[in-house]
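Survey of secondary and tertiary structure
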Amino acid sequence: MKYNVLELSEQEIVRRQALDELREMGIDPYPAAEFTTNAFSTDIKDNFQDDAEPRQVSIAGRLMSKRVMGKASFAELQDSKGRVQVYVSRDDLCPGEDKDLYNKVFKRLLDIGDFIGVKGYVFRTQMGEISVHAQELTLLSKSLKPLPIVKYKDGVAYDKFDDPELRYRQRYVDLVVNDGVKDTFLQRATVIRTIRRILDEAGYTEVETPTLQAIAGGASARPFTTHFNALNIEMYMRIATELYLKRLIVGGFEGVYEIGKNFRNEGMDRNHNPEFTCMELYVQYKDYNWMMTFTENLLETVCTAVNGKPEREIDGQIISFKAPYRRLPILDAIKEKTGFDCDGKTEDEIRQFCISKGMEVDETMGKGKLIDELFGEFCEGTFIQPTFITDYPVEMSPLTKMHRSKPGLTERFELMVNGKELANAYSELNDTIDQEESFIEQMRLADKGDDEAMIIDRDFLRALQYGMPPTSGIGIGIDRLVMLMTGKTFIQEVLFFPQMRPEKKIPKSSVAEWAEIGVPEEWVPVFNKAGYNLVSDLREQKAQKVQMEVCGVNKKYKLGYDNPKVDEFQAWIDKATQKNTEKADV
């Protein structure tokens with residue numbers, strides 16, 4: 001217990017003391033019994049009528065504020081819908097002689113962040129605020145860590161929980177204390193629910209395909225690898241669902257879709273997370289022209305479902321998702337932005353143009369990769385309103401049908417919105433011989449050093465040999481779509497738990513290292529609490545100062561240890577200083 005106390009903050013210690021006192025009073029701080037509720041904060045306010053009979057309610061939520069004023073107090077309770085004020089009167093809450101529930105439990109032992117249940121009736125206070133007059137109060141869960149509640153003084157906010165790293169790492173706190181965060185994720189749910197409804201109503205079937213795959217196929221990306229112990233083989237986390245969904249089209253489904261996680265072992269920034277959600281859809285007897293029309297109508301419907309209209313303000317600009325969208329071939333886009341016409345140019349000619357523009361390119365990049373780099377450098381960020389970029393060169397599209405009227409190009413589009421790719425779609429390649437040749441070309445790129453080139457999937461080729469009907473397919477990045485629909489500019493804002501770097505830990509010397517200079521094991525946490533985490537922190541310190549600080553911790557936390565004398569502290573400091581000098585000499 002002593003060591004635990006030294007690892008806690010002052011408020012955490014107070015809360016644990018309250019926990020012990022509650023238990024001594026016979027109150028279970030974590031009861032198992034159901035607490036039945038019949039109202040939420042929002043409907044209590046929305047349905048209140050001054051001239052109606054007082055409504056009896058049973059509500060539960062987190063205690064977010066408490067204003068104690070003698071025999072009566074006000075509190076604010078936050079449930080899953082919002083907040084409502086609670087009026088607590090000592091004599092109404094404790095009508096008998098025993099006033100402990102108010103005097104001890106409510107006033108002293110309940111803390112901000114605790115979950116409570118309240119039964120009472122709804123009324124309007126003299127200040128005009130709709131509130132719940134508490135007649136019964138039940139502790140449902142004791143909070144042992146204090147919430148970072150924002151405080152205001154003279155119009156200035158203090159203790160704001162606004163550090164992005166803390167917010168993303170401790171999303172559970174972010175959701176509790178920061179307004180609007182929960183709304184973003186409710187809107188995310190609306191996006192996914194609306195997409196699912198549209199696809200279901202169209203008669204397409206939602207399916208699930210393997211997350212662990214023997215071949216990382218369906219996209220050009222660097223995969224995560226893992227070892228499958230039961231089969232003793234290396235496996236990949238999927239980078240796309242495409243090849244499995246096409247197998248189902250071969251198997252006879254009219255249309256199939258999957259909303260699920262993909263994993264790409266690449267960079268992290270404001271627009272990318274290695275683990276991301278994607279919706280992929282494949283429909284037989286359709287082409288990429290049909291898919292463009294279907295996509296723009298889907299996105300218009302989604303935007304209206306989330307925002308009540310087909311427009312959204314993003315980065316200070318109004319983006320309209322109202323159909324139809326502009327359609328622009330990729331080579332025309334590059335020519336429009338750079339003046340350079342890639343049509344008919346060789347790989348070397350395109351590479352030389354890239355070099356002339358100061359781009360970093362190398363011999364491992366094929367023609368498709370170079371065109372992709374050109375588009376990314378000069379074009380992608382310029383398309384703010386939804387724009388279909390179409391007709392990609394065959395070198396960039398190994399799973400796509402050749403264009404029916406433009407040699408060397410394919411029937412593929414990418415949807416650009418606010419300067420970023422949102423969707424990628426094809427008239428799917430169903431000629432198994434052409435598909436095998438495309439895979440072989442990808443392997444040549446891999447041999448040249450392209451670590452994002454696709455691997456040949458022999459089973460997929462076998463499936464195509466049984467025959468796949470003309471099919472159109474699309475992948476839409478759900479995370480980016482939610483960013484657009486909610487006006488967020490960082491992908492981390494729309495992910496509950498984005499990937500983060502490992503949490504930094506304060507470096508501490510081991511017990512053995514402290515023992516080397518003579519400090520007893522039980523005193524190591526005391527030194528740490530006093531701010532001396534490393535043995536080297538002691539070097540050249542004044543013995544009296546260290547003694548006062550360390551022994552002060554012993555006294556403050558009532559540890560009961562016999563305080564070392566100043567000479568002992570001096571000896572420890574001398575050894576720490578000597579040890580540090582020896583390390584420097586080495």
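This text goes with the structure placed above it.
Here we summarise the structure given alongside this text. Note that the structure is predicted; figures quoted are calculated from it, not measured. (Residues numbered from 1 in each chain as written. Predicted model: local features only at pLDDT ≥ 70, side-chain atom pairs only at ≥ 80, totals over all residues. Heavy atoms only, no water.)

Right, let's get into helix α9 (residues 242-250). Among the residues of α9, Glu242, Leu243, Leu245, Lys246, Arg247 and Ile249 are the ones counted as buried. Against β12 (255-263), β13 (275-284), β19 (420-427), α15 (458-465) and β20 (471-477) lie the buried residues of α9. Positive backbone phi, at 115°, marks Gly252, one or two positions downstream of α9. (Buried < 20%, exposed > 50% of the residue type's maximum accessible area, 1.4 Å probe, protein only. Helix = DSSP H or I, 4+ residues; strand = E, 2+ residues; numbered from the N terminus. Contact = heavy atoms within 4.5 Å.)

This part is about the pairing of strand β4 (residues 115-124). For strand β1 (residues 56-69) and β4, the ladder comprises seven bridges, and the chain directions are antiparallel. Its bridge partner being in β4, Arg62 is matched across the sheet by Phe115. By the bridge criterion, ten bridges tie β4 to strand β5 (residues 130-141) in an arrangement that is antiparallel. Within β5, the position partnered with Gly120 by the bridge is Ala134. The hairpin formed by β4 and β5 contains five residues between the paired strands, and Gly128 there has a positive phi angle of roughly 90°. (Pairing = 2+ DSSP bridges.)

In an α-helix, one full turn covers 3.6 residues, which means residues spaced three or four apart are oriented alike. Between its first and last C-alpha atoms helix α10 (residues 288-307) spans 28 Å; for 20 residues at 1.5 Å apiece the expected length is 28 Å, and the two agree. Those residues of α10 that sit buried are Tyr288, Met291, Met292, Phe294, Thr295, Glu296, Leu298, Leu299, Glu300, Val302, Cys303 and Val306. Two or three places before Asn289, at the opening of α10, Asp287 has a side-chain oxygen 3.2 Å from that residue's backbone nitrogen. (Expected span 1.5 Å × (residues − 1). Polar contact = N/O pair within 3.5 Å; in protein donor to acceptor, adjacent residues only side chain to side chain.)

Further remarks concern the nonpolar core. Of all hydrophobic cores here, the largest spans 42 residues; its most connected members are Ile195, Leu199, Met279, Leu281 and Phe321. No other element matches α10, which puts nine residues into this core. Not counting the four nearest positions on each side in its chain, Phe321 is found in contact with Glu296, Leu299, Glu300, Cys303, Pro310, Pro386, Val417, Leu484 and Met485. One finds Ile59, Tyr102, Leu109 and Val122 within the second-largest nonpolar core, a separate group that totals 28 residues. (Core = buried A, V, L, I, M, F, W, Y, C linked by side-chain atoms within 4.5 Å.)

With that settled, consider unusual backbone geometry. Note: most residues except glycine have negative phi, and most peptide bonds are trans. In this structure, the amide linkage connecting Ala323 to the following residue, Pro324, adopts the cis form with an omega of 0°. Mapped onto the elements of the fold, Pro324 is located in the loop between β15 (317-320) and β16 (326-329). Notably, Tyr285 is not glycine yet its phi reads approximately 65°, a positive angle. Along the polypeptide, Tyr285 turns up in the loop between β13 and α10. Taking relative accessible area as the criterion, Tyr285 reaches 58% and is therefore assigned exposed.

The interhelical angle for the contact between helix α12 (residues 347-356) and helix α13 (residues 367-378), taken along N-to-C directions, is 30°, at an axis separation of 9 Å. One finds that α12 runs roughly parallel with respect to α13. The handedness of the crossing between α12 and α13 is left-handed. Together, Glu347, Ile350, Arg351, Phe353 and Cys354 of α12 and Lys367, Leu370, Ile371 and Leu374 of α13 make up the contact between the two elements. (Axes fitted to C-alpha atoms, helices over the stretch in contact; angles between N-to-C directions. Parallel < 35°, antiparallel > 145°, perpendicular 65-115°, else oblique. Left-handed = near helix turned anticlockwise from the far one by under 90°.)

Turning to the environment of Thr382, a few remarks are in order. Tracing the backbone shows Thr382 in the loop between α13 and β17 (387-390). Relative accessible area serves as the criterion here: at 39%, Thr382 is assigned to the partly exposed category. In this structure the C-alpha to C-alpha distance between Thr382 and Met416, which are 34 residues apart in sequence, comes to 9.2 Å. Here the side chain of Thr382 touches Cys379 through a polar contact of 2.6 Å, landing on its backbone oxygen.

The full count for this structure, using the stated rule, is zero disulfides. Note on Cys342: no disulfide assigned, nearest cysteine sulfur contributed by Cys354 at a separation of 7.5 Å. Overall, Cys342 belongs to the buried group, its relative accessible area being 2%. (Disulfide = S-S within 2.5 Å.)

Looking now at the environment of Asp479. Relative to the assigned elements, Asp479 resides in helix α16 (residues 478-486). Judged by relative accessible area, Asp479 falls into the buried class, the value being 2%. Counting along the chain gives 16 residues from Asp479 to Leu495, while the straight-line C-alpha distance between them is 7.4 Å.

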